[in-house]
Amino acid sequence: MLLPEPLLRSLEGVEGFDREAFQQVHDSGEQVTSIRVNSAKFSILNSQFSISNSIPWTQFGYYLEKRPSFTFDPIFHAGCYYVQEASSMFLEQAISQTTDLSQPLKLLDLCAAPGGKSTHLQSLISPESLLVSNEVIKARAGILKQNIIKWGSSNVIVTNNDPRHFARLESFFDVILVDAPCSGSGLFRRDEAAINEWSVDAVQLCASRQQRILADVLPALKEGGTLIYSTCSYSSEEDEVIGDWLVENMGMENVALKLEEDWGVVETHSPNHQAAGYRFYPDKLKGEGFFLACFRKGGEPEKVKYSSSKPERVSAPEQQVLQRWVKTGGIQFAKHNDRLLALPQNLMESFSILQSALYIQYAGTDIGEIIRDKLIPDHALALSPLLSSELTRTELDYEDAVRFLQRQDIQPNAPKGWQVVTYNGYPLGWINALGNRVNNYYPKELRILKQQNDSGFGK
Ligand code: SAM
């Protein structure tokens, strides 16, 4: 693998960089596959994965012995796990070592698509906490929304805003994660084509953009709150130098993390020795290139009054219709863009504030819409823990589960009416059995398009 010489030269002298080992691991062709499980739905003990090891810096991550075709695993579509690069899961150390996660918190994941770190954060926070998962690029925000729905939580709000827009939410968030767009050198081993897009100029461009993004969003961080900054670039300009800039110019205080020696993570220091950060080199651990650093915002928290706009109310007869479908304890229904949604009661005030400040793509759990006194349930409800346990569930065998996910016709032995179809007990989506036929309500945009299945799942 021909790595860019200017990159290698720029890394000489950076803590932990070993040119020979670095080049060798890029030449080796070794690919690491890892998953992070959704502990709210699934236990790895019940799975058919061949696991080689657990990932030491997270309670949810596992290395797999080989990479299966996840597309043909129904429980992947049920949101039981997320396929994620191992180094990124270090986020768990960053948040759990800097923040009291037992508290009800407001968190923002500013650059969130496709949702790896948001779904991880969701597994770590308390049900009373709120995660705002934002993505500036509209099409990517759509993918983020799908992954949040699949994960099946009701305390996440997906927004599609520019970092500048968060200035309207002064001192609102306890934690902000900026997993910044970067020059991407950390992923060269996985994606050789990315090498052609790398240049010294691109690094400079990314570094200026990272500063701009951070400067835009920092007013939204509460005084005393935590900023987690990460990239998948090896370039100091995008990593430690940004850390220095945050400390010297933006009033941030660097926070150090504790490491276990056998993790192979390297603590690095910025050129001006202002900020410690954490580097992941693929020649030192099983994971791709990654950098992360933590900061605390100085100052005393002040009470800020936010403008808010109350969501449209759901009428008593509509609430009555929903009782049969939803576990209603602790949640409140609201209307957003003509859809019925459910949010934890304690998050309604934040929802009203966010609604007046941001462009909300998705909030809580979409329940569906009521037409002529009947609910047409949304896919999100099927994948949510709010799904009533009293609703009919029909278990599918592997072949039917895949056909369902391909949005083909299936003929399960099912009673009449709306029901959730499951595979190994995990909900996949809705069907409506009409007597002479079964309508498949798996969302068109999610359907499996690949036809050939040699995944080995279902054997
Ligand atoms: N955090 C994500 C995850 O774990 O799945 C990966 C995020 S990726 C490294 C960076 C994201 O930043 C991309 O989704 C990209 O669309 C978004 N982005 C690009 N330009 C941006 C900008 N100017 N401001 C904010 N986000 C931006």
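Conventions used here
- Residues numbered from 1 in each chain as written.
- Predicted model: local features only at pLDDT ≥ 70, side-chain atom pairs only at ≥ 80, totals over all residues.
- Heavy atoms only, no water.
- Pairing = 2+ DSSP bridges.
- Helix = DSSP H or I, 4+ residues; strand = E, 2+ residues; numbered from the N terminus.
- Axes fitted to C-alpha atoms, helices over the stretch in contact; angles between N-to-C directions.
- Contact = heavy atoms within 4.5 Å.
- Near = heavy atom within 4 Å.
- Polar contact = N/O pair within 3.5 Å; in protein donor to acceptor, adjacent residues only side chain to side chain.
- Areas by Shrake-Rupley, 256 points an atom, 1.4 Å probe, with all protein chains shown as cover.
- Nonpolar A, V, L, I, M, F, W, Y, C, P; charged D, E, K, R; others polar.
- Left-handed = near helix turned anticlockwise from the far one by under 90°.
- Patch = residues over 30% accessible without salt bridge, like charges linked within 9 Å, V, L, I, M, F, W, Y side chains within 5 Å.
- Salt bridge = Lys/Arg side-chain N within 4 Å of Asp/Glu carboxyl O.

Some thoughts on the sheet that holds strand E18 (residues 374-377)
Next up, step 1: Spatial strand order, E14-E15-E17-E18: four strands in an open sheet with antiparallel pairing. Two strands lie at the open edges of the sheet, namely strand E14 (331-336) and E18, each paired on one side alone. Strand-to-strand twist of the sheet, defined as the mean angle between neighbouring strand axes without regard to direction, takes the value 35 degrees.
Next up, step 2: Both strand E15 (residues 339-344) and strand E17 (residues 365-371) contribute to a ladder of three bridges, which runs antiparallel. Bridge pairing in E17 links Leu341 to Asp366.
Next up, step 3: On the sheet, helix H10 (residues 316-323) packs against E14, E15, E17 and E18 and is oriented at approximately 115 degrees with respect to E17.

Focus on the environment of Leu3
Next up, step 1: Take Leu3: it is sitting in the segment before helix H1 (5-11).
Next up, step 2: For the pair Leu3 and Thr365, spaced 362 residues apart in sequence, the C-alpha separation works out to 45 Å.
Next up, step 3: Discounting residues that sit within four places of it in the chain, Leu3 has contacts with Leu8, Phe22, Gln23, His26, Phe188 and Ile195.

Concerning the site of the ligand
Next up, step 1: Around the ligand sit 17 residues, and of these Cys111, Gly116, Glu135, Arg140 and Asp179 come closest.
Next up, step 2: Within the backbone of Cys111, a nitrogen or oxygen atom sits 3.0 Å from a nitrogen atom of the ligand.
Next up, step 3: Protein chains shield 83% of the accessible area of the ligand, which is 600 Å² for the free molecule.
Next up, step 4: Looking at the shell around the ligand, the elements that each hand over two or more residues are helix H5 (116-124) and helix H8 (200-217).
Next up, step 5: Its residues assigned to classes, the shell around the ligand comprises 10 nonpolar, two polar and five charged.

Let's talk about the packing of H8 against helix H9 (residues 240-249)
The geometry of a pair of packed helices is captured by two quantities: the angle between their axes and the separation between those axes.
Next up, step 1: For the pair H8 and H9, the least separation of the axes is 11 Å and the interaxial angle reads 35 degrees. Helix-helix and strand crossings are classified by hand; for H8 and H9 the assignment is right-handed. On H9, the residues touching Ala207, Gln210, Gln211, Leu214 and Ala215 of H8 are Ile242, Trp245 and Leu246.
Next up, step 2: Broken down by class, the residue content of the contact of H8 with H9 amounts to six nonpolar, two polar and no charged.

Points about a nonpolar patch on the surface
Next up, step 1: Together, Ile371, Ile376 and Tyr441 line one region of the surface with nonpolar side chains, adding up to about 230 Å² of accessible area.
Next up, step 2: Among the structural elements, Ile376 can be located in strand E18.

Notes on the pattern of salt bridges
Next up, step 1: Applying the stated criterion across every chain yields a total of 17 salt bridges.
Next up, step 2: The network of salt bridges with common partners includes Glu5, Arg9, Glu12 and Arg19.

Some details on the sheet that holds strand E19 (residues 393-395)
Whenever strands of a sheet pair, they do so through backbone hydrogen bonds, lying parallel or antiparallel.
Next up, step 1: With mixed pairing, four strands are arranged side by side in an open sheet as E19-E20-E21-E22. Since the sheet does not close on itself, it has two edges, and those belong to E19 and strand E22 (438-440), each with one partner. Along the sheet, successive strands turn relative to each other by an average axial angle of 40 degrees, direction set aside.
Next up, step 2: Direction of pairing for strand E20 (residues 417-423) relative to strand E21 (residues 426-433): antiparallel, over a ladder of seven bridges. Of the residues in E21, the one forming a bridge with Gln419 is Ile431.
Next up, step 3: Across the face of the sheet, helix H13 (residues 398-405) comes into contact with E20, E21 and E22 while running at roughly 75 degrees to E21.

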